[in-house]
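Chain by chain, the residues run as shown.
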Amino acid sequence: MLRLALLGSLASACSFSVSPALSTDDSGGNNGGSLIDAAPLPIDAPGTTCMPGFVDLCSQPTPTTPLVITGTQMIDTDNDPRCRVVVQSNGPDVCVVMGTTVQIGNGAVLSAFGSRPLALASSTVLEILGEIDVSSRRSGRTGPNAQTCAFARIPEDDGGGGGGAAGGTFVAAAGAGGQGDGDSSIGADGTAPGGLPGSAVTLVALRGGCNGGKGGNQSAGGNQGGAGGHGGGALYLIAKQTIVVASTGRIRATGAGGSGGPAQAGGGGGGSGGFVVIEAPMIAIDGEVSANGGGGGEGGANVGGTPIAGVSGADGGYGTTVAPGGVGTDNRFGYGGDGAAWMTATGVNGRNSDASGGGGGGAIGVIRLRGTGTGSGLVTPPAS
């Protein structure tokens with residue numbers, strides 16, 4: 001059953017605005033699976049140019065051609081010629097791609113990367129039969145506008161094993177990094193505290209999720225801590241009439257897993273999920289929308305003189321299953337914490353170790369639906 005908590009009316013003025021109904025506490029309160037139907041949004045009738053939504057498109061000329069995505073396509077939000085650059089007063093510029101209609105065809109995959117969030121806007125109907133992917137992956141993909149956010153503490157470097165890094169906090173907290181050098185084995189210099197997640201982000205504009213932290217180094221041997229996973233990207237979908245995510249349709253804005261640390265170096269933190277806003281008078285979701293966090297990386301160790309790298313955390317995925325943190329075969333290692341998914345808003349802490357600490361899991365992202373909604377799809381985390 002689709003878990004939706006749909007939001008109320010837009011502000012009527014043609015300027016960037018966040019409706020008072022949009023709480024910044026997106027910790028994922030579930031409404032028990034029922035649909036809460038808000039009043040239709042006061043968006044101008046089709047054929048006019050003004051689209052005063054979450055991102056103000058009133059200044060944009062009305063599109064004259066449809067946007068149809070087939071096969072596999074990529075949008076560089078900094079350089080794609082289809083982008084109309086729209087300024088947000090409280091956030092990054094947005095790459096807006098518009099059409100008289102917008103369709104992501106069955107089996108098609110539209111991906112995006114770059115420093116600007118991506119927006120797709122239709123002056124009539126927006127239909128997703130295939131996939132829109134603004135996720136980050138540990139393999140190198142970075143979702144549009146993934147951001148480096150503050151941490152309350154970075155993990156300590158230590159010759160006996162660095163601390164694990166915290167995951168990326170977004171509106172909910174990430175997991176903390178595990179402690180390294182639990183036996184103070186090198187130079188009696190004490191343990192290596194892991195990283196601590198930063199404060200929650202207040203959402204006032206369209207922006208990407210938060211990156212996980214870098215694991216603590218092995219200061220004596222020069223091994224660098226595992227890299228943090230990037231946060232999920234930012235995506236805005238708006239249509240004047242209807243947005244449909246068909247049963248074959250999927251939207252992914254998940255965070256990347258943190259990398260495992262080399263021998264005696266801490267694991268990287270998982271990236272948080274990203275930010276997805278879907279806005280239209282009518283919204284029908286029968287497919288999947290996901291903004292889960294990535295798992296933290298395992299810390300590395302040196303066993304009997306043999307250096308062993310930690311296992312990397314998994315990238316955030318679709319559905320209600322968490323992205324597992326990195327877990328190797330030796331239970332003395334600092335395992336990575338799981339990323340957050342579904343009703344688990346916060347990432348799991350990385351594990352402490354006599355060697356190096358595990359990275360914390362990334363927090364959930366945010367999914368906001370603005371309009372009257374129906375459907376039997378799955379939205380993870382639950383929409384706010």
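Higher on the page you've got the structure.
Throughout what follows, the structure given in this document is the object of discussion.

## Observations regarding the overall build of the protein
Here's step 1: A tally of regular secondary structure across the protein gives zero helices and 18 strands.
Here's step 2: Residue burial in the protein is summarised as follows: out of 384 residues, 58% are buried.
Here's step 3: Taking as baseline every contact in the protein between residues at least 6 positions apart, the subset at least 24 positions apart corresponds to 74%.
Here's step 4: Accessible surface, the protein: about 12,800 Å² in total, of which carbon and sulfur atoms supply 52%.

## Digging into the pairing of strand β11 (residues 242–245)
For a regular strand, side chains alternate in direction, first toward one face of the sheet and then toward the other.
Here's step 1: The alternating pattern of β11 places I243 and V245 on a buried face, while none of T242 and V244, on the opposite face, is buried.
Here's step 2: Alignment of strand β8 (residues 125–128) against β11, held across four bridges, turns out to be parallel. Bridge assignment links V125 to a residue of β11, and that residue is T242.
Here's step 3: Sheet topology note: the β11/strand β13 (residues 275–285) ladder contains four bridges and is parallel. Bridged to T242 within β13 is M282.

## Notes on the environment of S376
Here's step 1: Along the chain, S376 falls in the loop between β17 (366–374) and β18 (378–380).
Here's step 2: Each C-alpha atom, one on S376 and one on E288, is 9.5 Å from the other, the two residues being 88 residues apart in sequence.

## Some remarks on the sheet that holds strand β12 (residues 250–252)
Here's step 1: Across the sheet, which stays open at both edges, the six strands sit in the order β2-β6-β9-β12-β14-β18 with parallel pairing between neighbours. Either end of the sheet is taken by a strand with one partner, and the two such strands are β2 (72–76) and β18. Neighbour to neighbour, the strand axes of the sheet diverge by 10° on average, direction disregarded.
Here's step 2: Two elements, β12 and strand β14 (residues 288–290), share three bridges in a ladder whose sense is parallel. Residue pairing for β14: R250 is matched across the bridge by E288.

## Remarks on the environment of F333
Here's step 1: Considering the arrangement of structural elements, one finds F333 in the loop between β16 (306–308) and β17.
Here's step 2: For F333, a relative accessible area of 5% gives the class buried.
Here's step 3: Sequence separation of F333 and N302 is 31 residues, and the distance between their C-alpha atoms is 9.7 Å.
Here's step 4: When residues no more than four places from it in sequence are discounted, the contact partners of F333 are E298, G299, A301, V303, I308, R351, N352 and S353.

## Some thoughts on unusual backbone geometry
Here's step 1: In this model, T380 is joined to P381 through a cis peptide bond whose omega is 0°.
Here's step 2: Note on placement: P381 falls in the segment after β18.
Here's step 3: The backbone of D181 sits at a positive phi, close to 50°, despite the residue not being glycine.
Here's step 4: Under the relative-accessibility criterion, D181 is labelled buried at 0%.

## Let's talk about the packing of aromatic side chains
Here's step 1: The final tally for this structure, using the stated rule, is two aromatic pairs.
Here's step 2: On the basis of an interplanar angle of 50° and a centroid distance of 6.2 Å, the ring pair of F54 and Y236 is categorised as tilted. On the criterion of sequence distance, the pair formed by F54 in the segment before β1 (67–69) and Y236 in strand β10 (residues 234–239) is long-range, its members being 182 residues apart.
Here's step 3: Residues F54 and F275 carry aromatic rings whose centres are separated by 5.9 Å and whose planes lie at 85° to one another, so their mutual orientation is edge-to-face. Of this pair, F54 sits in the segment before β1 while F275 sits in strand β13, and the two are 221 residues apart along the sequence. Each member of the pair, F54 together with F275, is buried.
Here's step 4: Taken together, F54, Y236 and F275 form an aromatic cluster joined through their ring pairs.
Here's step 5: The residue whose ring lies beneath R351 is Y335, and the NZ or CZ to ring-centre distance is 4.6 Å.

The rules behind these values
- Residues numbered from 1 in each chain as written.
- Predicted model: local features only at pLDDT ≥ 70, side-chain atom pairs only at ≥ 80, totals over all residues.
- Heavy atoms only, no water.
- Helix = DSSP H or I, 4+ residues; strand = E, 2+ residues; numbered from the N terminus.
- Buried < 20%, exposed > 50% of the residue type's maximum accessible area, 1.4 Å probe, protein only.
- Contact = heavy atoms within 4.5 Å.
- Areas by Shrake-Rupley, 256 points an atom, 1.4 Å probe, with all protein chains shown as cover.
- Pairing = 2+ DSSP bridges.
- Axes fitted to C-alpha atoms, helices over the stretch in contact; angles between N-to-C directions.
- Phe/Tyr/Trp six-rings, centres within 6.5 Å; stacked < 30°, edge-to-face > 60°.
- Lys NZ or Arg CZ within 6 Å of the ring centre and 35° of its normal.

Coordinates in, geometry out; function isn't part of it.
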